[in-house]
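Tertiary structure, described
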Amino acid sequence: MRYRVVIAKVANHQIKKLSRQVQKKVVHILFELAENPRPRGVVKLKGADNLYRIRTGDYRIIYSIKDDDLVVLATSELYYVKLKILL
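Below: a short report on this structure.

Observations concerning the nonpolar core
The nonpolar side chains of a soluble globular protein tend to be buried, and buried together. Ranked by internal contacts, the top residues of the largest apolar core, which has 15 residues, are V26, L30, L33, I54, I61 and Y63. Sorting the residues of this core by element identifies α1 (9-17), α2 (20-35), β3 (51-56) and β4 (59-66) as the ones contributing at least two each. In this structure I54 touches I29, L33, P39, V42, Y59, R60, I61 and Y63, once residues within four positions along its chain are discounted.

Quick look at the structure:
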């Protein structure tokens, strides 16, 4: 089953700020997550339902899985801390 990847407005803005090389890595990870949303190396975040984190280099991709959609919420560790406080 292939998931539809939905990128939140904040995450899209964060991805655009990254260097081209890092953007390519992030996009590659997103294509892989569409095929397998829970690959090796993914960490389920404590205290939240369906919230996961995967690392690519110095960046983390925070996402949730909802029905047939994989929703990317954030791409930086700084925003991860803010997101964790809001939950």
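Overview of α2
Taking 1.5 Å of rise per residue, the 16 residues of α2 would be expected to cover 22 Å, and the 23 Å separating its terminal C-alpha atoms lies within 8% of that figure. Of the positions making up α2, those classed as buried are V22, Q23, V26, I29, L30, L33 and A34. Here the buried residues of α2 occupy an arc of 145° about the axis, which is enough to place them on one side. Relative to its buried face, α2 has exposed residues pointing more than 90 degrees away, namely R20, Q21, K24 and F31.

Side note on α1
The complete set of buried residues in α1 reads A11, Q14 and I15. Along the axis of α1, the buried positions cluster into a sector of 100°, meaning they face one direction only. Exposed positions of α1 whose direction lies more than 90 degrees from the buried face are K9, K16 and K17.

Rules behind the numbers
- Residue numbers here run from 1 along each chain, matching the order of that chain's written sequence.
- A pLDDT threshold of at least 70 governs which residues receive local features in this predicted model, and a stricter bar of 80 or more applies before side-chain atom pairs are shown or counted, although totals over entire chains, interfaces and linings include all residues.
- The side-chain figures draw on all heavy atoms in the structure; neither hydrogens nor water molecules are used.
- Here the nonpolar core consists of buried residues drawn from Ala, Val, Leu, Ile, Met, Phe, Trp, Tyr and Cys, with membership extended through side-chain atoms lying within 4.5 Å.
- Buried residues are those whose accessible area, probed at 1.4 Å on protein chains only, stays under 20% of the maximum for their type, while exposed residues exceed 50% and partly exposed ones sit between those limits.
- Secondary structure elements are defined from DSSP: runs of H or I of at least 4 residues count as helices, runs of E of at least 2 residues count as strands, and each element is numbered from the N terminus.
- Whether two residues are in contact is decided by their heavy atoms: any pair within 4.5 Å suffices.
- The length a helix should cover is 1.5 Å for every residue beyond the first.
- The directions from the helix axis to the C-beta atoms form the arc being described.

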